[in-house]
Amino acid sequence: MNWTLEVVPLPVTDLDRAKAFYADRLGFKVDTDTGIAPGMRILQLTPPGSRCSVTMLQGMPSLPGSKEMAPGSVQGLQLCVTDIEAARAELVGRGVDVSPVRHVGETGWEDGKGGTWNSFMSFEDPDGNGWVVQEAPSELSER
């Protein structure tokens, strides 16, 4: 049996603002934006080419036994691209405040691309949830 990671919950304060950021600025596909009961809404978006989505909830009770996450508390979500410089240019062109491309060098983090699997950039959503983008040598289906 496969155990696939397909949805990651992402705490945000304003679903409309989050939808505008993730759909318009990042280019994520809106899978659903549904009101399931008065005051309850589910927003789910998927990065281009990904099989894993992010979901944001409004007014939903917490799942029994789960802990509530504060908006901005999720850090280190990671996306992979095959051309980090083109991806950065696209994000900058869409108005995303993204870090320079960096790699881990002899003295820690250094500006510029590194070798295979060693080029990164980062950004935050409007609530401060942190994302990392890593350059991969090929598409996932080819690895």
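Details of the structure are given in the entry above.
Residues numbered from 1 in each chain as written. Predicted model: local features only at pLDDT ≥ 70, side-chain atom pairs only at ≥ 80, totals over all residues. Heavy atoms only, no water.

1. A few points about the environment of Pro48
- Locating Pro48 in the fold gives a position in the loop between strand S3 (40-46) and strand S4 (53-58).
- You can call Pro48 exposed: its relative accessible area is 62%.
- Pro48 sits 22 residues away from Leu26 along the chain, and the two C-alpha atoms are 9.2 Å apart.
- Not counting the four nearest positions on each side in its chain, Pro48 is found in contact with Gly27 and Phe28. (Helix = DSSP H or I, 4+ residues; strand = E, 2+ residues; numbered from the N terminus. Buried < 20%, exposed > 50% of the residue type's maximum accessible area, 1.4 Å probe, protein only. Contact = heavy atoms within 4.5 Å.)

2. So, the pattern of salt bridges
- One pass over the full model with this rule turns up nine salt bridges.
- One salt bridge connects Arg51 with Glu6, and the closest N-O pair in it is separated by 4.0 Å. Within this pair, whereas Arg51 is found in the loop between S3 and S4, its partner Glu6 is found in the segment before strand S1 (7-9), the two being separated by 45 residues in sequence.
- You can call Glu6 partly exposed: its relative accessible area is 36%. (Salt bridge = Lys/Arg side-chain N within 4 Å of Asp/Glu carboxyl O.)

3. Concerning the side chain of His103
- Following the sequence through the fold, His103 ends up in strand S6 (residues 102-105).
- At 2.8 Å, the side chain of His103 forms a polar contact with the backbone oxygen of Gly112.
- Residues in contact with His103, not counting those within four places in the same chain, are Gly108, Trp109, Glu110, Asp111, Gly112, Lys113, Gly114 and Asn118. (Polar contact = N/O pair within 3.5 Å; in protein donor to acceptor, adjacent residues only side chain to side chain.)

4. Focus: the packing of aromatic side chains
- If you walk through the whole model with that rule in mind, you get seven aromatic pairs.
- Plain terms: the ring middles of Phe21 and Phe123 are 6.4 Å apart, the flat faces sit at 50° to each other, and that makes the pair tilted. In this pair, Phe21 is assigned in helix H1 (residues 15-25) and Phe123 in strand S8 (residues 120-124), connecting sequence segments 102 residues apart.
- One aromatic cluster is present, formed by Phe21, Tyr22, Phe28, Phe123 and Trp131 through successive ring pairs. (Phe/Tyr/Trp six-rings, centres within 6.5 Å; stacked < 30°, edge-to-face > 60°.)

5. Some details on H1
- Taken together, the buried positions of H1 are occupied by Leu15, Ala18, Phe21, Tyr22 and Ala23.
- Where H1 is buried, its residues contact strand S2 (29-37), S3, S4, S8 and strand S9 (130-135).
- Positive phi appears at Gly27, one or two residues downstream of H1, with a value of about 80°.

6. Here's the deal with the sheet that holds S3
- Read from one edge to the other, the open sheet built from four strands follows the order S1-S4-S3-S2, with strand pairing classed as mixed. This sheet does not close on itself; its edge strands, each paired only once, are S1 and S2. Across the sheet, the axes of successive neighbouring strands diverge by a mean angle of 20°, strand direction being ignored.
- By the bridge criterion, five bridges tie S3 to S4 in an arrangement that is antiparallel. (Pairing = 2+ DSSP bridges. Axes fitted to C-alpha atoms, helices over the stretch in contact; angles between N-to-C directions.)

7. Considerations on unusual backbone geometry
- Phi angles above zero are rare outside glycine, and Trp117 is one such case at about 65°.
- Looking at the element boundaries, Trp117 is found in the loop between strand S7 (108-111) and S8.
- Classification of Trp117 by relative accessible area gives partly exposed; the value is 35%.

8. A short note on the nonpolar core
- Membership of the largest hydrophobic core comes to 28 residues, with the highest contact counts inside it found for Tyr22, Met56, Phe123 and Trp131.
- When contributions to this core are tallied by element, the ones reaching two or more residues are H1, S3, S4, strand S5 (77-81), helix H2 (84-93), S8 and S9.
- Among the elements that take part in this core, H1 stands out by supplying five residues, more than any other.
- Setting aside residues up to four positions removed in sequence, Tyr22 forms contacts with Leu10, Gly27, Phe28, Leu45, Met56, Asp125 and Trp131. (Core = buried A, V, L, I, M, F, W, Y, C linked by side-chain atoms within 4.5 Å.)

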